[in-house]
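# Breakdown of the fold
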There are 2 protein chains.
Amino acid sequence: MKIAIIGLGLIGGSIARRLRGFHECTIAAYNRTAETLLLAKQDGVIDEGFADPGEAMDNADLIILCLYPQLNVNIIRDNLSHIKTGAIITDVSGVKSFMVKELEKILPNDVDFIGAHPMAGREVGGYKSSTDTLFNKASFLITPTQKNKPENIAIIRELAEYIGCKHVVMTTPDEHDAVIAYTSQLMHVVAVALCDSPMIERSRYFSAGSLRDCTRVAIINAEMWSELFTENKDALVDRITEMQESLEKIKQATANGDRAELEKIMKHATEQKIKWLME
Amino acid sequence: MKIAIIGLGLIGGSIARRLRGFHECTIAAYNRTAETLLLAKQDGVIDEGFADPGEAMDNADLIILCLYPQLNVNIIRDNLSHIKTGAIITDVSGVKSFMVKELEKILPNDVDFIGAHPMAGREVGGYKSSTDTLFNKASFLITPTQKNKPENIAIIRELAEYIGCKHVVMTTPDEHDAVIAYTSQLMHVVAVALCDSPMIERSRYFSAGSLRDCTRVAIINAEMWSELFTENKDALVDRITEMQESLEKIKQATANGDRAELEKIMKHATEQKIKWLME
């Protein structure tokens, strides 16, 4: 099996570090910077590095797209002639309906795109931040469509387990996007909104730990997240609206001095959080 | 000097654990449960325990109120005859204008109330959770008024340093409440609002770390925080409104697919957060 990894960043690099021995594969990689390819080859993480994505994909049985979503789509569109009949394509993007919709427009019927999303990350990015333990304890979401062949879905599941993911979960692109808009995107929206406030400039010495933790992800890759937000805009706008409504409910109870209502909301939230932690 | 600690919980207990040797004081404490008083006496943390707050305050030179705000006020109101002329009263509550306003109504002119707020806490409460290192690295806010005697303010500052606080900061009750409404109360509002969402029930396996961290403080003492929210309602309502407006700005940019605007907001938030971290 030949595997092509398109983009040797944090996720692509961390996948590559775990691929040795998977279906006795050879590993080709495309990356924008040649230095990273050289380093990965010297590390023994890849077999061949290419500055041209088409060359990396030539004869590949499995292509793993690890760039930002739109760039993944562009690279497939521009290199269709390099994709072999029967190839499987997967990705690691944080948006799934967008990827399925865009790639279904482009790909021939004999190439199977199976969307995927490993739930792992770090505040730091790039190949230099990649590790062979990134996926330990992580879950791995796969969003198959009716077009996907069961034997190909099975290979992606096997890949997820091989790189160390603890839970492999099948879901739909829509369910993925609706829930990720909450678990991931809304959390980034909230952290950014909190730090957008001029109040933070008056906060020195006025904080224990809650400001620090609630805004951990406010140190954000603006290019990537602005793309993810707009590619999942319908679901994210719904989640932000729900958050505004929750805030309004708490604001009204506070303004009315309604401690019973506040206690009810807080107790429900605490129960929900504990249930989530215990799952 | 005789010091009376009213309420031997997490904060009262942690203060008591550091008081030995401060102006060669004796330490009396009031607590609702007798078992805690016995334990603290056996630990050598207090000299005398009282089930009646008035008895604990008899002849005290310094009274440290460590209960919830309204309960602190009630106990002072109900035990005025036990407070000696010239006594200093301080507190550790998360609201300061409320405390100053309520106690100024009650206290005679020869008793000095100086509001204070050590910026330290834990998710777990009670004397059993108190430690002698809780205030290490913490800041300690003092909110004097024009009525307070400078020599009394100096004693509170000395106390803050003695128990291990790293930064002692003088501010006004209003500034304290405006900023704490952001750094502490709004963070708890946001965490609660996020966990109030039914989406959390669909989130198993769909999350890396951002949901966990943004909602850390959603496991909340509902009785205490509902009181703090309503006692600081004007400032908190303003902070929630600002948060709703920030969310609306991000929502509109997302809905419009305006990536440039999103990037601008994100970059500003990242800069503000880094600046805060570096302070």
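As shown above, the structure is provided for reference.
Below is a summary of the structure that appears in this document.

Conventions and cut-offs
- Residues numbered from 1 in each chain as written.
- Chains lettered and ligands numbered in written order.
- Predicted model: local features only at pLDDT ≥ 70, side-chain atom pairs only at ≥ 80, totals over all residues.
- Heavy atoms only, no water.
- Helix = DSSP H or I, 4+ residues; strand = E, 2+ residues; numbered from the N terminus.
- Buried < 20%, exposed > 50% of the residue type's maximum accessible area, 1.4 Å probe, protein only.
- Contact = heavy atoms within 4.5 Å.
- Areas by Shrake-Rupley, 256 points an atom, 1.4 Å probe, with all protein chains shown as cover.
- Lys, Arg positive; Asp, Glu negative; His and termini not counted.
- Charge placed at Lys NZ, Arg CZ, Asp CG, Glu CD.
- 1 Å grid on protein atoms, 1.4 Å probe; cavity = no way out; pocket = protein on both sides within 12 Å on 5 of 7 lines; lining within 4 Å.
- Points joined across faces, edges and corners; volume = space filled by probe spheres on them.
- Nonpolar A, V, L, I, M, F, W, Y, C, P; charged D, E, K, R; others polar.
- Least-squares fit on C-alpha atoms with pLDDT ≥ 70 in both.
- Pairing = 2+ DSSP bridges.
- Axes fitted to C-alpha atoms, helices over the stretch in contact; angles between N-to-C directions.
- Polar contact = N/O pair within 3.5 Å; in protein donor to acceptor, adjacent residues only side chain to side chain.

Attention now goes to the overall build of chain A. Looking only at helices and strands, chain A has 11 helices and eight strands in total. The principal-axis extents of the C-alpha atoms in chain A amount to approximately 70 × 40 × 35 Å. Residue burial in chain A is summarised as follows: out of 279 residues, 59% are buried. In chain A, the proportion of contacts linking residues at least 24 apart, taken out of those at least 6 apart, comes to 71%. Here chain A has roughly 11,500 Å² of accessible surface; of this, 49% comes from carbon and sulfur atoms. Distance from the positive charge centre (31 side chains) to the negative charge centre (39 side chains) of chain A: 6 Å.

Let us look at empty space enclosed by the protein. Residue and element names in this part refer to chain B. By the definition in use, this model includes one cavity of 30 Å³ or more. Taken as a whole, the largest cavity spans an internal volume of roughly 40 Å³. Lining the largest cavity, in full, are Ile15, Ile64, Thr90, Asp91, Val92, Ala116, Phe140, Leu159 and Ile163. Grouping the constituent residues of the lining of the largest cavity by class yields seven nonpolar, one polar and one charged.

Looking now at the relation of the copies chain A and chain B. Least-squares fitting of chain A to chain B yields an RMSD of 0.0 Å, with the transformation described by 0.0 Å of translation along the axis and a rotation of 180°. Here the two chains are linked by the operation of a two-fold rotation axis. Proximity to the rotation axis, assessed at the C-alpha, singles out Cys214(A) in chain A; its C-alpha lies 2.0 Å from the axis. Counting the interface residues of chain A, we find that 100% of their copies in chain B are interface residues as well, pointing to one common contact surface.

A few words on the sheet that holds strand E8 (residues 167–170) of chain A. Sheet strands line up and pair through hydrogen bonds in the backbone, either parallel or antiparallel. Residue and element names in this part refer to chain A. Taken together, eight strands build an open sheet; the order of strands is E3-E2-E1-E4-E5-E6-E7-E8 and the sheet is mixed. Two strands close off the open sheet at either side, each with one partner strand: strand E3 (48–50) and E8. Within this sheet the neighbouring strands show an average axis-to-axis angle of 20°, counted without direction. When strand E1 (residues 2–6) meets strand E4 (residues 62–65), the two strands line up parallel, connected through four bridges. Looking at E4, one finds that Ile3 is bridged to Leu62. Against the sheet, helix H7 (residues 173–195) contacts strand E6 (112–118) and strand E7 (139–143), and its axis sits at roughly 135° relative to E7.

So, about the side chain of Asn148(B). Residue and element names in this part refer to chain B. Mapped onto the elements of the fold, Asn148 is located in the loop between strand E7 (139–143) and helix H6 (150–162). Here the side chain of Asn148 touches Phe113 through a polar contact of 2.8 Å, landing on its backbone oxygen. With sequence-adjacent residues up to four places away left out, Asn148 is seen in contact with Asp112, Phe113, Ile114 and Ile153.

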